Structure formats: structure tokens, C-alpha cells
Amino acid sequence: MILAITGLLYLGMFALAAGMSRHADPLLGLQAKLTALRHPARYGWGLVALSLLLAIFAHDGGQALVLWFGLIPLASAIILLGLTYRPAAARAVVPVAAVMVLLAPFF
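Everything numeric in this text was worked out from a predicted model, so none of it was measured. (Residues numbered from 1 in each chain as written. Predicted model: local features only at pLDDT ≥ 70, side-chain atom pairs only at ≥ 80, totals over all residues. Heavy atoms only, no water.)

**Q** I'd like a description of the overall build of the chain, backed by residues and values.
**A** A count of helical and extended segments in the chain gives 5 helices and 0 strands. Secondary structure elements of the chain occur, N-terminal to C-terminal, as α-α-α-α-α. Its C-alpha atoms give the chain a radius of gyration of 14 Å, within 12% of the compact-globule value 13 Å for 107 residues. C-alpha extents for the chain along the principal axes are approximately 40 × 25 × 20 Å. Residues classed as buried in the chain amount to 30% of the 107 residues present. Intrachain contacts of the chain at a sequence separation of at least 6 include 73% that bridge at least 24 residues. (Helix = DSSP H or I, 4+ residues; strand = E, 2+ residues; numbered from the N terminus. Rg over C-alpha atoms; globule rule 2.2 N^0.38 Å. Buried < 20%, exposed > 50% of the residue type's maximum accessible area, 1.4 Å probe, protein only. Contact = heavy atoms within 4.5 Å.)

Quick look at the structure:
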């Protein structure tokens, strides 16, 4: 469950950052012009809410909720440092986060 919460939270924070006009071009690159990605902040809030729901309804509810609150600055720091130094690094973590979400039921 922790893998899914972490992956969804990172994807949500990435989408929220990409929803800002200032960060859209560095984070999304050439894909910023796609119609499916016009409003990534909507997807971001949905993914963050889904990760929160997973944390609330996890088997170890209290620990997962505390973990969720601790992962917010971690995910945001990865995106922030990626924006500051190399936006490709923040983009490279997106497939890793998606794989974490997909592999979560098997761990």
C-alpha cells in the first residue's frame, strides 16, 4: 500500500506543478501543447485525493496517514529540485512512480 500511496502522491504533485503556467513548459516539455494535458491540475488534485483515501483506508491507517503527510514534502522536494537544476530528472521519476502504483498490489 505504501508504494501506491507514494506513487500516486508523486504523480499528483507533478501534475499540480505542471498545472502552473510557469512550470508547464519545463516539466512537460514538448507534451505541454497536448489537449489531454491542458488542465493537469485537475488530474493532480484527483491523484492527491486518491492517495489520501488509500492512506486513510490502509490496514495500518494511522501510520499510513502520517506517512502520507511526510511524503508531501518529499515528493514536492524532488519536483522542486528537478525544476531548479534539471527538469528532465523530475520527468524521469514519473514512469517510476507509475510502475510503483502498478506493482503495489504484488507487494
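**Q** Before we move on, can you summarise the nonpolar core with the specific residues and values?
**A** Note on soluble globular proteins: their nonpolar side chains tend to be buried together. The biggest cluster of nonpolar side chains holds 21 residues, and the ones touching the most others in it are Tyr10, Phe14, Leu27 and Ile79. For this core, the elements supplying multiple residues, two or more each, are α1 (2-18), α2 (21-28), α3 (40-56), α4 (61-85) and α5 (87-103). With 9 residues, α1 is the largest single contributor of residues to this core. (Core = buried A, V, L, I, M, F, W, Y, C linked by side-chain atoms within 4.5 Å.)

**Q** An account of the packing of α1 against α2 is needed here, citing residue identities and associated values.
**A** Their axes nearest at 7 Å, the elements α1 and α2 cross at an angle of 120°. With respect to α2, the element α1 is oriented oblique. Residues Phe14, Ala17 and Ala18 of α1 touch α2, and the partners they reach there are His23, Ala24, Leu27 and Leu28. For the contact of α1 with α2, the per-class residue count stands at 6 nonpolar, 1 polar and no charged. (Axes fitted to C-alpha atoms, helices over the stretch in contact; angles between N-to-C directions. Parallel < 35°, antiparallel > 145°, perpendicular 65-115°, else oblique. Nonpolar A, V, L, I, M, F, W, Y, C, P; charged D, E, K, R; others polar.)

**Q** Please set out the packing of aromatic side chains residue by residue, giving values where relevant.
**A** As enumerated under the stated definition, the model contains 2 aromatic pairs in all. Centroid distance Trp68 to Phe69: 5.0 Å. Interplanar angle 80°. Geometry classified as edge-to-face. (Phe/Tyr/Trp six-rings, centres within 6.5 Å; stacked < 30°, edge-to-face > 60°.)

**Q** Provide a residue-level description of a nonpolar patch on the surface, including the pertinent values.
**A** Residues Leu50, Leu53, Ile56 and Phe57 make up a contiguous nonpolar surface patch of about 410 Å² in total accessible area. Secondary-structure assignment places Leu53 in helix α3. (Patch = residues over 30% accessible without salt bridge, like charges linked within 9 Å, V, L, I, M, F, W, Y side chains within 5 Å. Areas by Shrake-Rupley, 256 points an atom, 1.4 Å probe, with all protein chains shown as cover. Salt bridge = Lys/Arg side-chain N within 4 Å of Asp/Glu carboxyl O.)

**Q** Account for the side chain of Ser51, naming residues and giving values.
**A** Positionally, Ser51 belongs in helix α3. Residue Ser51 is classed as buried on the basis of its relative accessible area, which comes to 0%. At 2.9 Å, the side chain of Ser51 and the side chain of Trp68 are in polar contact. Ignoring sequence-local partners within four residues, the contact set of Ser51 consists of Ile5, Leu8, Leu9 and Trp68. (Polar contact = N/O pair within 3.5 Å; in protein donor to acceptor, adjacent residues only side chain to side chain.)

**Q** Talk me through α2; I want residue IDs and the actual numbers.
**A** Considered for burial, the residues of α2 that qualify are Ala24, Leu27 and Leu28. All buried residues of α2 fall inside an arc of 90° around its axis, so they share one side. Gly29 sits one or two positions beyond α2 and adopts a positive phi of about 65°. (Arc of directions from axis to C-beta.)

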